[in-house]
Amino acid sequence: MRSYFDKMPGCGKPLRENRIARSKDSRTKLEAVEAELAAQRRTRENVGIPAATINARGGLTIWQRLEYLVDPGTWHPLHSLYNPADNEEGTTNVVDGLGRIAGRWAVIIGFDNKVLAGAWIAGQPDNILRVTDLARRLHVPLVWLVNCSGVKLPDQEKFYAGRRGSGAPFFRHAELEQAGIPVLAGIYGTNPAGGGYQGITPTILIAHKDANIAVGGAGIVSGMAPRGGFDVAGLEQLIQVTRDLKERPPGRVETHFHETGFFTQVHDDETGVLDGLREYVRALPAYDPKFFRVAEPAAPALPADDLYHLLPFNQKEPYSFEDILARLVDGSEQLEFRPDYGPEIYTGLVKVDGLLVGVIGNRQGLLPQGYPEYADYPGIGGKLYRQGLIKMSEFVSHCGRDRVPVIWFQDTSGIDVGDAAEKAELLGLGSSLIYSIQQTDVPMMLVVLRKGSAAAHYIMGGPTANRHNAFTLGTAATEIYVMHGETAAVATYARRAVKDKDAGKPLEPIAEKMNEMARRYQETSRPAWCARYGLVDEIVDLAKLRGYLCAFAGAAYQNPQSICPRHQLLLPRLIRG
């Protein structure tokens, strides 16, 4: 298949000086959003006990542990601003992302020992479920850095119980292991109750000499026999028991290494634990990337910095999707699938770090005259029509057949509406696309370049409508909403306006309510909101976007559950004809 992949047709054009000058204001706005989010991440990292204090105690922070453990240049954080319960701490108290350990991709998550000694807090269970879903979808190991003091008891009702509560990650570990996905854990500090469970459910446990895991810690053990109240004598007894248990807490190394054998290794220093994790990750099954590479890895022929001039901050300004793609894929090359059909959608094969990946994206601007063929109105890029929906279904089905992972790029205002669209079966074709996606059983990721709205956000690889979405990224231009704020205001207040007009009432109050609704939509759809409430898994700087694509492709091909022999691929042959 070398003739198909060694040199593929190029895409994208070099950036011209007049475009750079014309887009200077747009670039400034994009970079301002990125700078704002970077400042929020720094604030998040500095929450809690200062790193210097942790170090003075002889420990490392979660950030220092990650820096030591992860291969340089391969850390791709996720959920860095996720805080769906609006915790006062500004965090879910876990840090996670995709990175390589000893040359192998892994999903890595750790408790933030700077904040409440890594306690369970609100929003954390869902964060952990997202992480376990990611490991399962990519079929790569899950690596834990456990340092959890248990439960933030004053807020226990916010996260303890329920189907998606803090206990759910435990059975998720079992699911991963049943699917052949190992869970490894480095254990630090005192981990009672919930922290103990989190520490005992992985496949391999490597502990620091001062670590412990237990069903209950000192505070719980000494209060396990309620007496209906407290008095001074009881408190004196409690104080003595607590002191004794603090000196010799349950679940020490002596117990879980020498007696139960739960701990596989014990190390005297913190970095020894991380070295042990690296040793075990190195022992896990993984294909050498060359097994799946269709060509030698190559950087894009056009620079990533151009993206700041090519992706307009203004949601209404059109751009060339191929120009965006050319700054992200190897050699700025692609094999486009059905270029003469469904012009509102790009579908094609590209190389990312030498690995074959399918790409689907929205085109922008006015579409060719006479399209869509079923209507008497012009087609506009970003909207989905009959042919585009059919083309996407065909393409993802072929990707499933050829076992090619898919990257979606969204900038969509929705699916065409109206009587002509209904007669053209767009409702059925949209649901058919969801079925086709679910049938593929290949990993997918989504980049919301700008707009993700209406049902189109779901059916174009959105996390809501399929199980194959590994993670979703946004940019500084991302907006996600059911419809534009002004459209929502019209849908909400149009009939009320008619009634008030007929009744002779002033229209100014309704206009103000409509403006307020549009403002609210703007506030609750922008990048910071999307990151905080989990509409995306991370907002990524445009210049760093290719790194996430490479991480996704590398992880997807590391240990796939099924493969298609290269010489039996059908898609490139269909494209060439």
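Residues numbered from 1 in each chain as written. Predicted model: local features only at pLDDT ≥ 70, side-chain atom pairs only at ≥ 80, totals over all residues. Heavy atoms only, no water.

Asker: Is there a simple way to explain the overall build of the protein in this structure?
Answerer: Scanning the protein from terminus to terminus reveals 23 helices and 19 strands. Relative to the 2.2 N^0.38 estimate, which gives 25 Å for 577 residues, the radius of gyration of the protein is 26 Å and therefore close to what a compact globule would have. The burial tally for the protein puts 54% of its 577 residues in the buried class. Contacts in the protein between residues at least 24 apart in sequence constitute 77% of all its contacts with a sequence separation of at least 6. Put simply, the protein shows about 25800 Å² of open surface, and 54% of that area lies on carbon and sulfur atoms. The average position of the 64 basic charges and that of the 66 acidic charges among the side chains of the protein differ by 3 Å. (Helix = DSSP H or I, 4+ residues; strand = E, 2+ residues; numbered from the N terminus. Rg over C-alpha atoms; globule rule 2.2 N^0.38 Å. Buried < 20%, exposed > 50% of the residue type's maximum accessible area, 1.4 Å probe, protein only. Contact = heavy atoms within 4.5 Å. Areas by Shrake-Rupley, 256 points an atom, 1.4 Å probe, with all protein chains shown as cover. Lys, Arg positive; Asp, Glu negative; His and termini not counted. Charge placed at Lys NZ, Arg CZ, Asp CG, Glu CD.)

Asker: So what exactly am I meant to see when it comes to the environment of proline 77 here?
Answerer: Structurally, proline 77 can be placed in strand 1 (residues 76-78). We classify proline 77 as partly exposed; its relative accessible area is 28%. Linking proline 77 and aspartate 340, residues 263 residues apart in sequence, is a C-alpha distance of 39 Å. If sequence neighbours within four positions are ignored, proline 77 has contacts with Asp96, Gly97, Glu538 and Tyr548.

Asker: Please explain the sheet that holds strand 7 (residues 204-208) as it appears in this structure.
Answerer: Hydrogen bonds along the backbone pair up the strands of a sheet, which may run parallel or antiparallel. The seven strands are arranged 1-2-3-4-5-7-9 in an open sheet whose pairing can be described as mixed. Among the strands making up the open sheet, the edge pair consists of strand 1 and strand 9 (265-267). Across the sheet, the mean angle from the axis of one strand to that of its neighbour is 20°, orientation sign disregarded. As defined by bridge partners, strand 4 (residues 142-146) adjoins strand 5 (residues 183-187) across five bridges and the pair is classed as parallel. Bridged to tryptophan 144 within strand 5 is alanine 185. Seen against the sheet, helix 6 (residues 124-138) touches strand 1, strand 2 (94-101), strand 3 (104-111) and strand 4 and runs at an angle of roughly 170° to strand 3. Its contacts with the sheet place helix 22 (residues 545-556) against strand 1, strand 2 and strand 3, and it is angled at close to 90° to strand 1. (Pairing = 2+ DSSP bridges. Axes fitted to C-alpha atoms, helices over the stretch in contact; angles between N-to-C directions.)

Asker: Help me understand unusual backbone geometry, please; the structure alone is not making it clear to me.
Answerer: Of note, the bond from tyrosine 371 into proline 372 is cis; its omega dihedral lies within 30 degrees of zero at 5°. In this structure, glutamate 425 is a non-glycine residue whose phi angle is positive, near 70°. Checked against the element boundaries, glutamate 425 lands in the loop between helix 16 (419-423) and helix 17 (426-440). On the accessibility criterion, glutamate 425 (47% relative accessible area) is partly exposed.

Asker: How do you make sense of helix 19 (residues 485-502) when you look at a structure like this?
Answerer: An α-helical turn contains 3.6 residues, so any two residues separated by three or four positions project in the same direction. Between the first and last C-alpha of helix 19 there are 26 Å, a value that for 18 residues agrees with the 26 Å anticipated at 1.5 Å per step. At tyrosine 493, helix 19 is bent by approximately 50°, the largest bend along its length. Within helix 19, the full set of buried residues consists of Gly485, Ala488, Ala489, Tyr493 and Asp500. Elements that come into contact with the buried residues of helix 19 comprise helix 20 (508-523). One or two steps after helix 19, the chain reaches glycine 504, where phi turns positive at roughly 75°. (Expected span 1.5 Å × (residues − 1). Bend = angle between axes of the 7 residues up to and from the residue.)

Distances and angles like these do not, on their own, reveal function.
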